[in-house]
Amino acid sequence: QERVEESGGGLVHPGGSLTLSCETSAILFERSDMSWHRQAPEKERELVARISAEGIDITYADFAKGRFTISRDDRKDTLTLQMSDLRPEATAVYYCKAEEPEGRFGTLDFWGRGTQVTVSP
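A. Highlighting the overall build of the protein. The helix and strand inventory of the protein stands at zero helices and eleven strands. Start at the N end of the protein and walk to the C end: the helices and strands fall as β-β-β-β-β-β-β-β-β-β-β. The globule rule puts the C-alpha radius of gyration for 121 residues at 14 Å, and the 14 Å found for the protein is close to it. C-alpha extents for the protein along the principal axes are approximately 45 × 25 × 25 Å.

Given below as structure tokens:
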């Protein structure tokens, strides 16, 4: 049974830092492109950062550039998102997504249930 599970969310003051982790199992992690997404109340889910298999390509949303860092540990099948200088608009549920390759060009997508991040004085 595939598992994607986020942790590390919580309450942080503006300007603070937080590190999110995503643990997976039963997924071809090292061959999967991995990403973090977030969804704020009454807003669409949006991409935060994405890292390709083997960490070759990394993409950040504009709001994440310079303050967030995505990384992966293929030995532990774990994805991490380090966030610094957090602002209230970063308040959202953060989701981990695994894109496991299927066939020649397809992918199987696996999502976690999310972890809440709240940035508030």
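Moving on, there is more to tell.
B. How the structure looks around the side chain of Glu99. Among the structural elements, Glu99 can be located in strand S9 (residues 92–102). Side-chain polar atoms of Glu99 contact the side chain of Arg50, separated by 3.1 Å. Those residues within four positions of Glu99 in sequence are excluded, and the remaining contacts are Ser32, Asp33, Ser35, Arg50, Thr107, Leu108 and Asp109.

C. Representation of the packing of aromatic side chains within the structure. By the definition in use, this model includes two aromatic pairs. The interplanar angle of 80° and the centroid separation of 6.3 Å between the aromatic rings of Phe63 and Phe68 together place this pair among those described as edge-to-face. You can call Phe63 partly exposed: its relative accessible area is 24%. Its relative accessible area of 3% is what places Phe68 among the buried residues. With centroids separated by 6.4 Å and ring planes inclined at 80°, the aromatic side chains of Tyr95 and Trp111 adopt a geometry described as edge-to-face.

D. Structural context of the state of the cysteines. This structure, assessed with the given rule, holds one disulfide. Residue pairing for Cys22: its cysteine sulfur links by disulfide to Cys96, the two sulfurs lying 2.1 Å apart. Across the S-S bond of Cys22 and Cys96 the torsion is about -80°, and the bridge reads as left-handed. Of this pair, Cys22 sits in strand S3 (residues 18–25) while Cys96 is found in strand S9, placing the two residues 74 residues apart along the sequence. Given the relative accessible area of 0%, Cys96 is considered buried.

E. Looking closely at the pattern of salt bridges. Enumeration over the complete set of coordinates arrives at nine salt bridges. With a shortest N-O distance of 2.8 Å, Glu5 and Arg3 are connected by a salt bridge. Under the relative-accessibility criterion, Glu5 is labelled partly exposed at 43%. The partner of Arg87 in a salt bridge is Asp85, with the nearest N and O atoms 3.8 Å apart.

Rules used throughout
- Starting from 1, residues in each chain are numbered consecutively following that chain's sequence as written.
- Local features in a predicted model are, by the rule used here, given only for residues with pLDDT of at least 70; side-chain atom pairs are given and counted only at 80 or more, and totals for whole chains, interfaces and linings are based on all residues.
- The basis for every side-chain value is the complete set of heavy atoms in the structure, and neither hydrogens nor water enter the calculation.
- Helix and strand assignments come from DSSP, with helices taken as H or I runs of at least 4 residues and strands as E runs of at least 2, each series counted from the N terminus.
- We compute the radius of gyration over the C-alpha atoms and compare it with the globule rule, which gives 2.2 Å times the number of residues raised to the power 0.38.
- The definition of a polar contact used here is a pair of N or O atoms within 3.5 Å, where within protein one atom must be able to donate a hydrogen and the other to accept one, and adjacent residues in sequence count solely through side-chain atom pairs.
- For this analysis, residues touch if any pair of their heavy atoms sits within 4.5 Å.
- Any two of the Phe, Tyr and Trp rings considered here, Trp counted by its six-membered ring, make a pair once their centres fall within 6.5 Å; the pair's planes then place it as stacked at under 30 degrees, edge-to-face at over 60, or tilted in between.
- Accessible area is worked out with a 1.4 Å probe on protein chains only. A residue is then buried under 20% of its type maximum, exposed over 50%, and partly exposed in between.
- When the sulfur atoms of two cysteines come within 2.5 Å, that pair is taken as a disulfide.
- Salt bridges are counted wherever a side-chain nitrogen of Lys or Arg sits within 4 Å of a carboxyl oxygen of Asp or Glu.

Without other data, these values stay purely geometric and don't point to any function.
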